[in-house]
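# Remarks on the overall topology
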Amino acid sequence: MDGSSLDGGPYVSIITVAGNAPAWLDSVLSAWSTYGLALFAVLMLAAWWRVRPGASPRTAMALAAPLIVVAAFIADTMIKSLVSEQRPCRTLHTVTLEACPPMGDWSFPSNHAAIAAAAAVAIWFTHRRLGAIAVPAALLMAFSRVWVGAHYPHDVIVGLIVGAAVAWPLTLAARRTAPLVDRLRDTPMRPLVAPR
């Protein structure tokens, strides 16, 4: 698939702005694009820690969050292998902030955006205050992937949709495992589901 026909123009406009932006802004967005997913792991851990003393359904969702993110990554990767869209930096031969990934490292949809969206949805359902951090962070992750030149805008938009579409029903389904969480309170696994 040649994504340049969909939104190659907006992509070029964004990376042109990135190329003319202050160096500090490029550095911040490049660092976020590369390392920002770690924040979602920290937020998932913080959500789990905060909900453990409370209701079992929230604890169940917190424990399921990492598995839900993995499921979203797998779904996104499967779509990516079916579509086989070349990276925009290869198709358009543009100068980007991030080195262009090798041939065969497909662009559509964005794994980073899918992972961020899945984590944000899972965190939102588990702990609203932390979710209020995770949701804009996911949107910023998606934007940063275009800014550094790794993806077309449609790649990150669909990545966000895939991540959210996988995480939403799975997170709600995880609530149903609350009875299992209650049973774990009387086992050596208690620290996972309740404070000592």
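This text follows the structure it describes.
To keep things clear, this report deals only with the structure shown in the data block.

Cut-off values and rules
- Per-chain numbering applies: the sequence of each chain, read as written, is numbered from 1 onward.
- Confidence filtering applies because this is a predicted model: local features only for residues at pLDDT of at least 70, side-chain atom pairs given and counted only at 80 or more, and all residues used for totals across whole chains, interfaces and linings.
- To obtain the side-chain values, all non-hydrogen atoms of the structure were included, while hydrogens and water were left out.
- Labels follow the DSSP assignment, with helices taken as runs of H or I lasting at least four residues and strands as runs of E lasting at least two, numbered in each case from the N terminus.
- Accessible area is worked out with a 1.4 Å probe on protein chains only. A residue is then buried under 20% of its type maximum, exposed over 50%, and partly exposed in between.
- Residues count as neighbours in contact if any of their non-hydrogen atoms are within 4.5 Å of one another.
- Neither His nor the chain ends contribute to the count of charged residues, in which Lys and Arg are positive and Asp and Glu negative.
- Where a charge lies is defined by one atom per residue type, namely NZ (Lys), CZ (Arg), CG (Asp) and CD (Glu).
- Cavities and pockets were defined on a 1 Å grid built from protein atoms only: a cavity is a group of points that admits a 1.4 Å probe but offers it no way out, a pocket is an open group of points flanked by protein on both sides within 12 Å along at least five of seven lines, and a lining residue is one with an atom within 4 Å of any such point.
- Grid points are joined across faces, edges and corners, and a volume is the space filled by probe spheres set on the points.
- Ten residue types, Ala, Val, Leu, Ile, Met, Phe, Trp, Tyr, Cys and Pro, are classed as nonpolar, four, Asp, Glu, Lys and Arg, as charged, and the remainder, Gly among them, as polar.
- What makes a nonpolar core is a set of buried Ala, Val, Leu, Ile, Met, Phe, Trp, Tyr and Cys residues whose side-chain atoms join them at distances within 4.5 Å.
- Any pair of Phe, Tyr and Trp rings, taking the six-membered ring for Trp, is counted once the centres come within 6.5 Å. Such a pair is stacked with planes under 30 degrees apart, edge-to-face with planes over 60 apart, and tilted for the rest.
- Two thresholds decide whether a charge sits over a ring: the Lys NZ or Arg CZ must be within 6 Å of the ring centre and within 35 degrees of the ring normal.
- Between the first and last residue of a helix there are one fewer steps than residues, each counted as 1.5 Å, and that sum is the expected span.
- Bend at a given residue is defined as the angle between two axes, one fitted to the seven residues that end at that position and one fitted to the seven that begin there.

### A short note on the overall build of the protein
- Looking only at helices and strands, the protein has 10 helices and 0 strands in total.
- Along the chain direction, N to C, the helices and strands of the protein fall in the order α-α-α-α-α-α-α-α-α-α.
- Principal-axis analysis of the C-alpha atoms gives the protein an extent of 60 × 35 × 20 Å.
- Buried residues in the protein amount to 45% of all 196 residues.
- Here the analysis covers contacts within the protein between residues at least 6 apart in sequence; of these, 79% occur between residues at least 24 apart.
- Charged side chains of the protein number 15 positive and 10 negative; the gap between the two group centres comes to 18 Å.

### As for the layout of surface pockets
- Each pocket or cavity is described by its volume, and for the largest pocket that value is around 160 Å³.
- Taken together, A117, A120, V121, W124, F125, V135, A138, L139, L160, A164 and W168 form the lining of the largest pocket.
- A per-element tally of the lining of the largest pocket places helix α6 (residues 111-126) first, with 5 residues.
- Here the residues of the lining of the largest pocket sort into 11 nonpolar, no polar and no charged.

### Some words on the nonpolar core
- Membership of the largest hydrophobic core comes to 29 residues, with the highest contact counts inside it found for F40, M44, V69, A119, I123 and A134.
- The element best represented in this core is α6, accounting for 9 residues.
- Not counting chain neighbours up to four residues away, the residues in contact with F40 comprise W32, A116, A119, I123, A134, A137 and A138.
- In this structure, I15, A113, V146 and V156 belong to the second largest nonpolar core, which totals 10 residues.

### Overview of the packing of aromatic side chains
- Taken as a whole and judged by the stated rule, the model has 5 aromatic pairs.
- Between W32 and F40, the aromatic rings sit 6.3 Å apart at their centres with planes inclined by 50 degrees, giving tilted as the arrangement. Each member of the pair W32 and F40 is classed as buried.
- Taking 5.1 Å as the distance between ring centres and 85 degrees as the angle between the ring planes, the aromatic pair formed by F125 and W168 counts as edge-to-face. One end of the pair, F125, is in helix α6; the other, W168, is in helix α8 (residues 153-174), and 43 residues separate them in sequence.
- The buried category is assigned to F125, whose relative accessible area is 13%.
- Given a relative accessible area of 49%, W168 falls into the partly exposed group.
- In this structure, R52 packs its charged tip against the face of W48, placed 5.0 Å from the ring centre.

### Observations concerning helix α4 (residues 56-83)
- With 28 residues, α4 should cover 40 Å at 1.5 Å per step; its first-to-last C-alpha distance of 40 Å lies within 8% of that length.
- The largest bend along α4 reaches roughly 45 degrees and is located at A65, with the proline P66 sitting one to four residues downstream.
- Those residues of α4 that sit buried are S56, T59, A60, M61, A62, A64, A65, I68, V69, A72, D76 and K80.

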